[in-house]
Amino acid sequence: MHRVLEFDEAEMTRSVVLKNLLSGTVDRCFDDSELVSDDSNFSFMRLNGEYDCKIELFGEITTEEDEKAICCKVMERDVLIGKRSFIKVRIGQDEYYIRKPEPDVTEGSDTIWFWCTRKDLRQVNHVIHADLQM
């Protein structure tokens with residue numbers, strides 16, 4: 001579960017600052033759900049509201065350790081969010097999702113090194129981002 005701490009509204013998108021209630025980790029997540037859908041978006045979220053959120057790490061998988069890369073422990077492969085396949089990973093106590101690459105260069109590995117450039121809000125409660133439903 002996550003609590004909404006802040007919204008940073010832009011003209012067409014926003015950032016949502018979420019606090020993981022289990023770990024205490026605070027994440028700033030990109031949300032463009034209202035831009036792509038009128039009915040499958042996260043506009044229902046309220047300040048201080050608590051929601052079950054799935055957050056995608058946006059960036060690039062790397063095959064080598066690097067000071068910029070995050071070490072992610074693979075928890076589950078082939079997790080569907082909407083119609084898209086993800087790898088569920090853990091960083092510390094926090095769970096995130098990485099889009100499964102084609103071909104899967106991470107197959108057989110317990111860890112993934114990932115260069116994260118942003119975190120995207122992909123599912124809130126039972127509402128799935130419209131981009132993942134196509």
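Calculation notes
- Residues numbered from 1 in each chain as written.
- Predicted model: local features only at pLDDT ≥ 70, side-chain atom pairs only at ≥ 80, totals over all residues.
- Heavy atoms only, no water.
- Helix = DSSP H or I, 4+ residues; strand = E, 2+ residues; numbered from the N terminus.
- Rg over C-alpha atoms; globule rule 2.2 N^0.38 Å.
- Buried < 20%, exposed > 50% of the residue type's maximum accessible area, 1.4 Å probe, protein only.
- Contact = heavy atoms within 4.5 Å.
- Lys, Arg positive; Asp, Glu negative; His and termini not counted.
- Charge placed at Lys NZ, Arg CZ, Asp CG, Glu CD.
- Patch = residues over 30% accessible without salt bridge, like charges linked within 9 Å, V, L, I, M, F, W, Y side chains within 5 Å.
- Areas by Shrake-Rupley, 256 points an atom, 1.4 Å probe, with all protein chains shown as cover.
- Salt bridge = Lys/Arg side-chain N within 4 Å of Asp/Glu carboxyl O.

Novice: Quick rundown of the overall build of the protein? Include the residues and the values.
Specialist: Secondary structure assignment for the protein yields 1 helix and 10 strands. The N-to-C order of helical and strand elements in the protein reads β-β-β-α-β-β-β-β-β-β-β. Here the C-alpha atoms of the protein give a radius of gyration of 15 Å, agreeing with the 14 Å that 2.2 N^0.38 yields for 134 residues. Referenced to the eigenvectors of the C-alpha coordinate spread, the extents of the protein come out at roughly 40 × 35 × 25 Å. Going through the 134 residues of the protein one by one, you find that 40% of them count as buried. Residue pairs in contact within the protein that sit at least 24 positions apart in sequence constitute 60% of those at least 6 positions apart. The average position of the 18 basic charges and that of the 28 acidic charges among the side chains of the protein differ by 3 Å.

Novice: Could you give an account of a nonpolar patch on the surface, with specific residues and numbers?
Specialist: On the surface, Met12, Leu35 and Val36 cluster together into a nonpolar patch covering about 270 Å² of accessible area. Relative to the elements of secondary structure, Leu35 occurs in helix H1 (residues 33–36). Judged by relative accessible area, Leu35 falls into the partly exposed class, the value being 44%.

Novice: How would you summarise the environment of Thr117 if you had to cite specific residues and measurements?
Specialist: Along the polypeptide, Thr117 turns up in strand E9 (residues 111–124). By relative accessible area, Thr117 is classed as exposed at 62%. Between the alpha carbons of Thr117 and Cys71 there is a distance of 14 Å; along the sequence they are 46 residues apart. For Thr117, the contacting residues outside a window of four places in its chain are Phe58 and Gly59.

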